[in-house]
Amino acid sequence: MLVLSKRLSLIAELVNEGSSVCDVGTDHGYLPAFLYLSGKCKSVSATDINQKPLECAKANLNRLGADGVKLVLCDGLSGVTRNDADTVIIAGMGGEVISGIIERAPFLCDSTVNLILQPTTAAKDLRLYLAQKGFAVKSETAIIENGKIYSIMCVQFDGTAYQIDDVRSVIGILNPNSEQAISYIQKQYNIAQKCANDLSAVKGKQTEYNYYLNLSEKLKNILGG
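Conventions used here
- Just so you know, the residues in each chain are numbered from 1, in the order the chain's sequence is written.
- Per-residue local features of the predicted model are confined to residues with pLDDT of at least 70, and side-chain atom pairs are confined, for both listing and counting, to 80 or more; whole-chain, interface and lining totals are unaffected and use all residues.
- Side-chain measures here rest on the full set of heavy atoms in the structure, leaving out hydrogens and waters.
- Think of it this way: any DSSP run of H or I at least four residues long counts as a helix, any run of E at least two long counts as a strand, and we number them from the N terminus.
- The size measure is the radius of gyration over C-alpha atoms, and the globule rule it meets is 2.2 Å times the number of residues to the 0.38 power.
- Under the scheme applied here, a residue whose accessible area is under 20% of the maximum for its type counts as buried, over 50% as exposed, and between as partly exposed, the area being computed with a 1.4 Å probe on protein chains only.
- The contact criterion used throughout is that any non-hydrogen atoms of two residues lie within 4.5 Å.
- Surface accessibility follows the Shrake-Rupley procedure with a 1.4 Å probe radius. Residue values consider only the protein chains on display as shielding.
- Put simply, two rings from Phe, Tyr or Trp (the six-membered ring, in Trp's case) pair if the centres are within 6.5 Å, and we call them stacked under 30 degrees between planes, edge-to-face over 60, tilted for the rest.

Peer 1: What exactly am I supposed to notice about the overall build of the chain here?
Peer 2: Each helix and strand in the chain was counted, giving eight helices and seven strands. Since a compact globule built from 225 residues should have a radius of gyration of about 17 Å, the 19 Å found for the chain is in line with a globular shape. With the C-alpha coordinates aligned to their principal axes, the bounding extent of the chain is approximately 60 × 35 × 30 Å. Considering the chain as a whole, with its 225 residues, one finds that 47% of them fall into the buried category. Taking contacts inside the chain between residues at least 6 apart in sequence as the whole, the part at least 24 apart equals 67%. Of the roughly 11200 Å² of accessible surface on the chain, a fraction of 49% belongs to carbon and sulfur atoms.

The structure is reproduced here in structure tokens:
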């Protein structure tokens, strides 16, 4: 029986029953294999930019009896259309990379397409991009795995650009209502506080210092400090 990691298990839980799913940058293919074998999805496909990961994924899919998963060699979603997927998973990449994949896939600008995004770095950049381009973040969940903490976002396009403040850019719509969310917010507080401390005695950096000082105070208040 295929058992997913905590991170991938949460992503799988966020997929709606009966969806047509595409996993972008699939690597080992375990997530699409799980979704296919669970019977939860109408169809499952997976992409990767490199041939070697797809060969690895194919071997795993065949071994697990999930050879009904469609594998596509392409950059991001360049080989995928709206007919292939109503749910797109882009996980395990930097926020700038995820933003670029979305930017190059016009079919994602459709309110009937669900995006499940999990940036490993630059989550702030991804949130700012989504706001600018009119992608609404419907939910955000923190998850801790192997000592690292991530945010998983469920997103849909609605075409309305919006502004997000400094706090929302770093913690999204997370609330301190779980151990994982508190840890995520605490990490952002620690980063902001360190930046403020590092800049406090640097000439010509007063604006940056004030930004991080104010941000750290706001985050501290959210944490109940």
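What follows continues from the structure just given.
Peer 1: Would you mind showing me how to read the packing of aromatic side chains here?
Peer 2: To describe a pair of aromatic rings, you give the distance between the ring centres and the angle between the ring planes. Counted according to the given criterion, the structure contains two aromatic pairs. Note on F135 and F157: the rings are 5.1 Å apart at their centroids and 65° apart in plane angle, and the pair reads as edge-to-face. Of the two residues, F135 is situated in strand β6 (residues 135-145) and F157 in strand β7 (residues 148-157); the sequence distance between them amounts to 22 residues. Residue classification places F135 among the buried residues on the basis of a relative accessible area of 1%. Arranged with centres 4.9 Å apart and planes meeting at 80°, the rings of Y211 and Y212 form a pair that is edge-to-face. Take Y211: its relative accessible area is 27%, and that puts it in the partly exposed class. With relative accessibility at 25%, the residue Y212 sits in the partly exposed group.

Just distances and angles here, no functional claims.
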